[in-house]
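# Notes for the structure review
Single-letter residue listing:
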Amino acid sequence: MVMALHPHYLQSFLETNFLLLQSVGVLSYQYRNYIAIMAAARHQCSYLVHLMEAHFLLHGGDRSWLNGLEHVPRKLSSLSTLNKLLAHRPWLVTQKHIKELIHGQKWQLQELVQAIVLLCHFHSVAIFCQGTGVNLEIDHDEINSFYCKDPKLSSSDDLNSLASENDKSYLKFSCVNTMDAVPKSNPIDVVETLMERMKKFDEVGSTEEVTREEMNRRFEKEKEEASSQNFLPQGVSTSPNKTSYCDRYVIDPDFRYQDFAKRDDRSDVPTFRAQDYNWEDNAFYVVSNYYNDVAEMLDDKFKIAYNLTYKTLASKDNVDTTSLRRAIWKYVHCVYGIMYDDYNYDEVNQLLERSLKMFIKTVSCFPEQVERNVYDGFWKQFRHSEKVHVNIMLQESRFQVGLLYGLRALTQCITDS
Ligand SMILES: CC(C)C[C@H](N)C(=O)O
């Protein structure tokens, strides 16, 4: 229902999800569902974990596996390290991890590509759920999300009537319904300022001559800022999580994201340069070779998410938001250390206000810690559908990050052997 605020994207998402879980592929349905559980558990997304547990049982999965990793075949639990790294510190994935799986537990390349895609897909879906506050309250049959639970919105009766309509209700649940009204504007018009900056940036940005060193410096500046101590909203911390039900599906539950710019392993891992390995020219072909139909599907979904626009900005119409949306997408790659040589990171600096950057950082790096205050803390003048739109971009951009690191390691493993 939450994603249905953007029906065009929802359709592509559902088709991909179906393909990954119930259609083409060499892994059994039980394996696929269990991999999904393992991935969602890394981000403590109990909504998704329980949903996928139900799927697992529906597909004839062995109930004892739901007691945790010790109860599943070694082959499956051997994915745990890859799961942990891809979820939190994907830059640490190397060909060594891939080789261990191939030689130790006899994973075939085709199976591994499918497993990597599934892990990254479910990490990113968990990010969306946590970022929009989709959660499960067992004794509640209402929809639960930040969007649907906004105390400022109209009575929950409206919501229930939408929820209980026929199967196609999501298509009518467009971003212009009454619950998606534009909040009253502020005395200081943040939206006007943003529009001016976008305009100015579009004019100056395209003609500005910048040296390679200066471009690198701007990337480093953004990366460093994102890792400064006070760059997380109040209440969000980098210390270990509380123990949770999900722990049974993961190893080393305290393992988390570590600021890329400050990480212990800094000297060993150079900046990931997108010109050397990117989705369009590299990862896409790995997926096409080993997991055929899925590559096109993922590519379409990335494009839909990247290009999605209604040409609106809060209460304004007919606005070209390309630069703003591009900055959001690139910022996620930036906090994960992926640099685009031809991108001017000053755009990020100019267009993403601090609270939005903090939201992006929290959702894409510490999704399990997103609380209502983090969601409410940015873009107060914008519609809920625009905040959900941001979450779709975070989900897809983060998905790409995982695929890039995971499939680059796999590619190195193939070329080296
Ligand atoms: C994320 C939002 C700023 C997107 C904007 N409402 C658009 O339609 O392009």
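Residues numbered from 1 in each chain as written. Predicted model: local features only at pLDDT ≥ 70, side-chain atom pairs only at ≥ 80, totals over all residues. Heavy atoms only, no water.

An unreviewed UniProt entry annotates the protein chain as Sestrin originating from Clavelina lepadiformis. Within the UniProt record for the protein chain, the comment given under Catalytic activity (unreviewed entry) is "a hydroperoxide + L-cysteinyl-[protein] = S-hydroxy-L-cysteinyl-[protein] + an alcohol". Within the UniProt record for the protein chain, the comment given under Subcellular location (unreviewed entry) is "Cytoplasm". (UniProt positions renumbered as here; feature names shortened; annotations may be inferred.)

## Concerning the site of the ligand
Near the ligand you find Thr309, Tyr310, Lys311, Thr312, Leu313, Thr321, Leu324, Arg325, Trp379, Glu386 and His389, and these make up its full shell. Between the ligand and Thr309 there is a distance of 2.6 Å, counted from an oxygen atom to a side-chain nitrogen or oxygen. At 2.7 Å from an oxygen atom of the ligand is found a main-chain nitrogen or oxygen belonging to Tyr310. Looking at the shell around the ligand, the elements with two or more residues in it are α14 (322-335) and α18 (384-416). For the shell around the ligand, the class distribution of residues is four nonpolar, four polar and three charged. (Near = heavy atom within 4 Å. Polar contact = N/O pair within 3.5 Å; in protein donor to acceptor, adjacent residues only side chain to side chain. Helix = DSSP H or I, 4+ residues; strand = E, 2+ residues; numbered from the N terminus. Nonpolar A, V, L, I, M, F, W, Y, C, P; charged D, E, K, R; others polar.)

## Describing the side chain of Asn391
Take Asn391: it is sitting in helix α18. Judged by its relative accessible area of 0%, Asn391 falls in the buried class. Once you skip the residues sitting within four places of it in the chain, Asn391 turns out to touch Phe128, Gly131, Thr132, Phe359, Val363 and Tyr375. (Buried < 20%, exposed > 50% of the residue type's maximum accessible area, 1.4 Å probe, protein only. Contact = heavy atoms within 4.5 Å.)

## Re a negative patch on the surface
Taken together, the side chains of Glu15, Asp293, Glu296 and Asp300 make up a negatively charged region of the molecular surface. Within the secondary structure, Glu296 is located in helix α13 (residues 292-307). Residue class for Glu296 comes out partly exposed when judged on its relative accessible area of 47%. (Patch = residues over 30% accessible without salt bridge, like charges linked within 9 Å, V, L, I, M, F, W, Y side chains within 5 Å. Areas by Shrake-Rupley, 256 points an atom, 1.4 Å probe, with all protein chains shown as cover. Salt bridge = Lys/Arg side-chain N within 4 Å of Asp/Glu carboxyl O. Lys, Arg positive; Asp, Glu negative; His and termini not counted. Charge placed at Lys NZ, Arg CZ, Asp CG, Glu CD.)

## Here's the deal with the environment of Leu298
By the secondary structure assignment, Leu298 is in helix α13. Apart from residues no more than four positions distant in its own chain, Leu298 is found in contact with Thr16, Val117, Trp279, Phe399 and Leu403.

## Regarding helix α2 (residues 29-42)
With 14 residues, α2 should cover 20 Å at 1.5 Å per step; its first-to-last C-alpha distance of 20 Å lies within 8% of that length. Burial analysis of α2 places twelve of its 14 residues in the buried class, which makes it a mostly covered element. Those residues of α2 that sit buried are Tyr31, Arg32, Asn33, Tyr34, Ile35, Ala36, Ile37, Met38, Ala39, Ala40, Ala41 and Arg42. Residue Gln44 follows α2 closely and has a positive phi angle near 50°. (Expected span 1.5 Å × (residues − 1).)

## As for the packing of aromatic side chains
Following the criterion strictly, the structure yields 24 aromatic pairs and no others. Residues Tyr245 and Tyr249 carry aromatic rings whose centres are separated by 6.3 Å and whose planes lie at 75° to one another, so their mutual orientation is edge-to-face. According to the relative accessible area criterion, Tyr249 is buried, its value standing at 0%. Members of the aromatic cluster, each reached through a chain of ring pairs, are Tyr31, Tyr34, Phe56, Trp65, Tyr245 and Tyr249. In this structure, Lys330 is placed above the aromatic ring of Tyr340, and the distance from its NZ or CZ to the ring centre is 4.5 Å. Here the guanidinium or amino end of Lys330 rests over the ring plane of Tyr343, the centre of that ring lying 5.3 Å away. (Phe/Tyr/Trp six-rings, centres within 6.5 Å; stacked < 30°, edge-to-face > 60°. Lys NZ or Arg CZ within 6 Å of the ring centre and 35° of its normal.)

## Here's the deal with unusual backbone geometry
Phi at Lys311 takes a positive value of approximately 55°, unusual for a residue other than glycine. Note that Lys311 resides in the loop between α13 and α14. The residue Ala314 is not glycine, and still its phi comes out positive at about 50°. Relative to the helices and strands, Ala314 is located in the loop between α13 and α14.

## Re the packing of α13 against α18
α18 packs onto α13 with a crossing angle of 140° between their chain directions and a minimal axis gap of 9 Å. When the axis of α13 is compared with that of α18, the two are oblique. By crossing handedness, the relation of α13 to α18 is classed as left-handed. Residue-level contacts link Leu298, Lys301, Phe302 and Ala305 of α13 to Ile392, Met393, Glu396, Phe399, Gln400 and Leu403 of α18. Taken together, the residues that form the contact of α13 with α18 break down as seven nonpolar, one polar and two charged. (Axes fitted to C-alpha atoms, helices over the stretch in contact; angles between N-to-C directions. Parallel < 35°, antiparallel > 145°, perpendicular 65-115°, else oblique. Left-handed = near helix turned anticlockwise from the far one by under 90°.)

## Notes on the side chain of Ser77
Among the structural elements, Ser77 can be located in helix α4 (residues 74-77). Overall, the relative accessible area of 16% leaves Ser77 in the buried class. The residues touching Ser77, leaving out its near neighbours within four places in the chain, are Leu69 and Val72.

## Quick look at the pattern of salt bridges
Tallied over the entire structure, the rule returns 15 salt bridges. For Lys316, the salt bridge is made with Glu192, and the minimal N-O distance between the two is 2.7 Å. On the criterion of sequence distance, the pair formed by Lys316 in the loop between α13 and α14 and Glu192 in helix α10 (residues 190-207) is long-range, its members being 124 residues apart. Residue classification places Glu192 among the partly exposed positions, given a relative accessible area of 35%. Here Glu347 makes a salt bridge to Arg326, at a shortest N to O gap of 2.7 Å. Taken as a pair, Glu347 in helix α15 (residues 346-351) and Arg326 in helix α14 lie far apart in primary sequence, 21 residues in all.

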